[in-house]
Amino acid sequence: MTEVNVREKVLAANASAARGLRASFRDSGTLVVNLISSPGSGKTTLLEATARELRTRLRLGGLDGDIATDRDAQRLRDAGIPARQILTGGACHLDARQIEAALAEEGERLAGLDVLLIENVGNLICPTSYDLGEDFKVALLSVTEGDDKPFKYPAIFARAAVTVLTKADLLPHVDFDLDAVASQIAALNPSARVLVVSARTGEGMDAWYALLEESLAEKRTAVAVAAAAVPA
Amino acid sequence: MHETGLAIEIHRIARAVADERGGGALESVTVAVGDLAAVEPPLLEFAWRAVVEGSADAGAALIVEWERARQDCASCGEIAERAPGSWLRLCPRCGEPLRVTGGDALDVLRVVFGDGASGRERGAA
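These figures come from a predicted structure and were not determined experimentally.

## Regarding the interface of chain A and chain B
In this complex, chain A contributes 25 residues to the contact, which on the side of chain B involves 33 residues. The salt bridge involving Glu 9 of chain B is made with Arg 97 of chain A; its shortest N-O contact spans 3.8 Å. Here chain A and chain B share 10 residue pairs in polar contact (both at pLDDT 80 or more) between them. Taken together, the elements giving at least two residues each to the side of chain A that touches chain B come down to strand S1 (2–9), helix H6 (154–159) and helix H7 (178–188) of chain A. Considering each element in turn, the side of chain A that touches chain B owes the most residues, eight residues, to S1 of chain A. Considering only residue class, the side of chain A that touches chain B consists of 15 nonpolar, four polar and six charged. For S1 of chain A and strand S6 (residues 106–115) of chain B, the ladder comprises six bridges, and the chain directions are antiparallel.

See below:
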């Protein structure tokens, strides 16, 4: 009998694929956001509005993870941007190798984008653990889901750089305490940004668009600075 | 519920460790699971049994070592109290937000395996 001490990450294979993706997104100057929320919180609706607003200024593309149907990717294509569905066949999250494979199969259609929008499988738990090579995770929480969710599902709210509170047009009809949610998120993740939006009415959406455009500009500046710092 | 995918990865990693050394069937695999890894040990153990069943490693044990996140309050120092099944968010003494570090481990720590075919031949020779 032999005993071997190792200390290998269970998700090492995913981490390695994610590193490769991150390097390739850096080379192409593509901002990548990974949207995570429960089903029905409005990820696709937010992205449809984003596509319609930003497609004239930026080259956008989408990857949509779901158990079944290509409905979400079709909705993004209908909103005017290239998008591919990734069917997980029952798995509760996207992993980096699925992103690699989907981008390889799409080829030029999803190459050299300004912003790649990844819509994860609707689930507040499992997708949190899988690095997809993104610049940051975005958690969505709709006001109809209840204002206790950040403390009930802490991992995603602790790791998402941005939380978008969606369906703000329904606030008058539900008991959803915005301040309570903001203070829970601040306790879990002091540097997180919190946006309150309604993709349906457009309320608050300018801040979301500005966040994407500023993040893209910051990434490109950082890449240019890093390239200039490398001795010839 | 992504424990099945994790169990498959754990088996792949452990098998690679044993194969590199000419080892045989796995006896046990020890993994570290952190508070914040979003993994339920009983579900992981159940998935592990399903993954190794029917393979040469059937019956190999999965041993889970739980790694806790550390909670620190800027005023009161390290806080040992826990919320059920997770960590606290606010200091129970002064109410300030706690800084949480660590607890994200999801690592294969130790692999124990029997002699492989080549090992047994050497032993018999």
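Having seen the model, we can carry on.
## Some words on the nonpolar core
By size, the foremost hydrophobic cluster in this structure holds 30 residues, and its most contacted members are Val 33, Val 138, Val 164 and Trp 208 of chain A. Listed by contribution, the elements that provide at least two residues to this core are strand S2 (31–36), helix H2 (43–54), helix H3 (71–78), strand S5 (115–119), strand S6 (136–142), strand S7 (162–166) and helix H8 (205–229) of chain A. Considering each element in turn, this core owes the most residues, six residues, to H8 of chain A. Listed in part, the 26 residues of the second largest apolar core include Ile 13, Val 17, Ala 18 and Trp 48 of chain B.

## Description of the pattern of salt bridges
Two side chains bearing opposite charge may form a pair once their charged atoms approach each other closely. Residue and element names in this part refer to chain A. With the rule as written, the count across this model stands at 27 salt bridges over all chains. Across the pair Arg 220 and Asp 114 runs a salt bridge whose closest N-O atoms are separated by 2.8 Å. Of this pair, Arg 220 sits in helix H8 while Asp 114 sits in the loop between helix H4 (96–106) and S5, and the two are 106 residues apart along the sequence.

## Digging into helix H1 (residues 12–28) of chain A
For H1 of chain A, spanning 17 residues, the distance from its first C-alpha to its last is 24 Å, which sits close to the expected 24 Å at 1.5 Å a residue. All of the buried residues along H1 of chain A are Ala 13, Asn 14, Ala 17, Ala 18, Leu 21 and Phe 25 of chain A. The arc enclosing the buried residues of H1 of chain A, seen along the axis, measures out at 125°, which places them on a common side. Opposite the packed face of H1 of chain A, turned more than 90 degrees from it, sit the exposed residues Arg 19 and Asp 27 of chain A. Looking at the buried positions of H1 of chain A, the neighbouring elements they touch are S2, H4, S5 and H8 of chain A together with helix H1 (3–20) of chain B.

## Some words on the pairing of strand S8 (residues 193–196) of chain A
Residues and elements named next belong to chain A. Here S7 pairs with S8 via four bridges, running parallel. The residue bridging Val 162 from the neighbouring strand is Arg 193, located in S8. With H7 bridging S7 and the parallel S8, this β-α-β connection has right-handed handedness.

## A short note on the domain arrangement of chain B
Residue and element names in this part refer to chain B. As far as domains go, chain B holds domain 1 (3–68 + 106–124) and domain 2 (69–102). The C-alpha centroid of domain 2 is placed 33 Å from the C-alpha centroid of domain 1. Facing the four residues of domain 1 at the interface are six residues of domain 2. Buried area between domain 1 and domain 2, summed over both chains or domains, comes out near 450 Å², and the portion from carbon and sulfur atoms is 54%. The three residues of domain 1 that bury the most area against domain 2 are Asp 35, Leu 36 and Arg 68, which together make up 97% of that side's buried surface. Counting across the interface, domain 1 meets domain 2 through one salt bridge. With a shortest N-O distance of 2.2 Å, Asp 35 and Arg 82 are connected by a salt bridge. At the surface where domain 1 touches domain 2, the tally comes to two residue pairs in polar contact (both at pLDDT 80 or more).

## Focus: the packing of H2 of chain A against H3 of chain A
Residues and elements named next belong to chain A. For the pair H2 and H3, the least separation of the axes is 9 Å and the interaxial angle reads 20°. Judged on the interaxial angle alone, H3 and H2 are roughly parallel. At the point where H2 passes H3, the crossing takes the right-handed sense. Seen from H2, the contacting residues are Thr 44, Thr 45, Leu 47, Glu 48 and Arg 52; seen from H3, they are Asp 72, Arg 75, Leu 76 and Asp 78. Broken down by class, the residue content of the contact of H2 with H3 amounts to two nonpolar, two polar and five charged.

What counts as what
Residues numbered from 1 in each chain as written. Chains lettered and ligands numbered in written order. Predicted model: local features only at pLDDT ≥ 70, side-chain atom pairs only at ≥ 80, totals over all residues. Heavy atoms only, no water. Contact = heavy atoms within 4.5 Å. Salt bridge = Lys/Arg side-chain N within 4 Å of Asp/Glu carboxyl O. Polar contact = N/O pair within 3.5 Å; in protein donor to acceptor, adjacent residues only side chain to side chain. Helix = DSSP H or I, 4+ residues; strand = E, 2+ residues; numbered from the N terminus. Nonpolar A, V, L, I, M, F, W, Y, C, P; charged D, E, K, R; others polar. Pairing = 2+ DSSP bridges. Core = buried A, V, L, I, M, F, W, Y, C linked by side-chain atoms within 4.5 Å. Buried < 20%, exposed > 50% of the residue type's maximum accessible area, 1.4 Å probe, protein only. Expected span 1.5 Å × (residues − 1). Arc of directions from axis to C-beta. Right-handed = clockwise from strand over helix to strand, strands pointing away. Domains from an automatic or database assignment. Buried area = accessible area lost by both parts, 1.4 Å probe. Axes fitted to C-alpha atoms, helices over the stretch in contact; angles between N-to-C directions. Parallel < 35°, antiparallel > 145°, perpendicular 65-115°, else oblique. Left-handed = near helix turned anticlockwise from the far one by under 90°.

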